[in-house]
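Chains, contacts and geometry: an overview
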Amino acid sequence: MQFKNKQLDLSIPQVMGVLNVTPDSFSDGGRFTNLDAALNQAKQMVEEGATIIDIGGESTRPGAEAVTEQAELDRVIPIIERIATELDVIISIDTCKATVMQEAVTAGAHMINDVAGLRAEGALNTAASLQVPVCVMHMKGEPRTMQASPEYENVVAEVKAFLAERKQACLDAGINENQIIIDPGFGFGKTVQHNLQIMKGLPDLLELNLPVLLGVSRKSTIGAILNRGVDDRLHGSVALASLAVWSGVNIIRAHDVKATVDALGIIQAIKKA
Ligand code: PT1
């Protein structure tokens, strides 16, 4: 897939490293709000094998409050400019807001990652005009309230139908088919059982014939299954990432890049055997 001037081979599993610049970021405790610290963290993730760095200025973890457009811009634009100048890596902007997409791509971002699936006002047309790859994710509800008893008849079928509808919406808006990535949204308006069914149903999502991205890193479903706090979910995260890539997922969004890259290297070797 082409990301502006950068090319990435999605037939090999790739790791997207998480760089959260939100002060309340759920697992980094807001340690990387400072520009130099954020750059160093990004640099280390690249050295460990991340080929994409995902930068988000609005927390989307369960219960998080929305932030204003200006606050989001103030958090992400300086760090995007800095990483674009200093590192050779694909920069992803994790946002739902059209203005933030526009400013971020102007500042140097190479792709758009939208947990709301380009459903916010202006998002679809802005993304289409920017001509960069988009990741459209499934989320039931909104972060602040999405974990209040989500219900599905069949979570895999409903997520697949939603992503098929968003794929068509992207195509209708003029986004090229080879610039669309889909994501079932592990942890977004889903119970533990729903998330487990999503993991089992990953092969069904591949039938949409688009690259798949998945974010499982340090999420509460792992904590619920293993009874682990957020700082003790590495092994559970790597297990889920391994299974996902074995099932055909192309991009894993992760905090712990080195461990994830190693796991994916093993899975890829088995695939090639
Ligand atoms: C994701 C994702 C994301 N996740 C994409 N972008 C987050 N494309 C942010 C919990 O249950 O999966 N895909 N951007 C982080 N969101 C969450 C959700 C964090 C749930 C934690 C939980 O703990």
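Refer to the structure above for everything that follows.
This text gives an overview of the structure that appears in the document. Counting from 1, residues in each chain are numbered in the order their sequence is written. Local features in this predicted model are restricted to residues of pLDDT 70 or higher, and side-chain atom pairs are both shown and tallied only at a pLDDT of 80 or more, whereas totals for entire chains, interfaces and linings draw on every residue. Side-chain calculation: all heavy atoms of the structure are included, whereas hydrogens and water are not.

What follows is about empty space enclosed by the protein. Here a cavity denotes a set of grid points, spaced 1 Å apart and computed over the protein atoms alone, in which a 1.4 Å probe fits but from which it cannot get out, and a pocket denotes an open set meeting protein on both sides within 12 Å along at least five of seven lines; residues with an atom within 4 Å of a point are reported as lining. Grid points are joined across faces, edges and corners, and a volume is the space filled by probe spheres set on the points. A full pass over the atoms with the stated rule returns two cavities of 30 Å³ or more. In this model, the largest cavity occupies a volume close to 50 Å³. Considering the residues around the largest cavity, the lining is formed by V216, S217, L234, S237, V238, A241, R253, A254, D256 and T260. Those elements that place two or more of their residues in the lining of the largest cavity are α9 (234-246) and β10 (251-254). In terms of residue count, the dominant contributor to the lining of the largest cavity is α9 (four residues). For the lining of the largest cavity, the per-class residue count stands at five nonpolar, three polar and two charged. Approximately 30 Å³ is the volume attributed to the second largest cavity. A run of H or I in DSSP becomes a helix once it reaches four residues, and a run of E becomes a strand once it reaches two; helices and strands are each numbered from the N terminus. Side-chain classes are defined by residue name, with Ala, Val, Leu, Ile, Met, Phe, Trp, Tyr, Cys and Pro counting as nonpolar, Asp, Glu, Lys and Arg as charged, and the others, Gly among them, as polar.

Moving on to the layout of surface pockets. In this structure, the second largest pocket occupies an estimated 230 Å³ of space. E58, A66, C96, E142 and P143 are, among the 14 residues lining the second largest pocket, the residues nearest its centre. Taken together, the residues of the lining of the second largest pocket sort by class into six nonpolar, three polar and five charged.

Working definition: residue near molecule or strand if any one of its non-hydrogen atoms lies within 4 Å of it. In the region of the ligand, 17 residues are neighbours, and D94, N113, D183, K219 and S220 sit closest. Side-chain polar atom of D183 to a nitrogen atom of the ligand: 2.6 Å apart, as the coordinates give it. For this analysis, a polar contact is any N or O atom pair within 3.5 Å, provided that within protein one partner can donate a hydrogen and the other can accept it, and provided that sequence-adjacent residues contribute only side-chain to side-chain pairs. The contact in question runs from a nitrogen atom of the ligand to an N or O atom on the side chain of R253, over 3.4 Å. The Shrake-Rupley method, run with a 1.4 Å probe, gives the accessible areas here. Residue values count only the displayed protein chains as cover. Taking 510 Å² as the accessible area of the ligand by itself, protein coverage stands at 95%. Looking at the shell around the ligand, the elements that each hand over two or more residues are β7 (134-137) and β9 (213-215). In terms of residue class, the shell around the ligand is made up of seven nonpolar, five polar and five charged.

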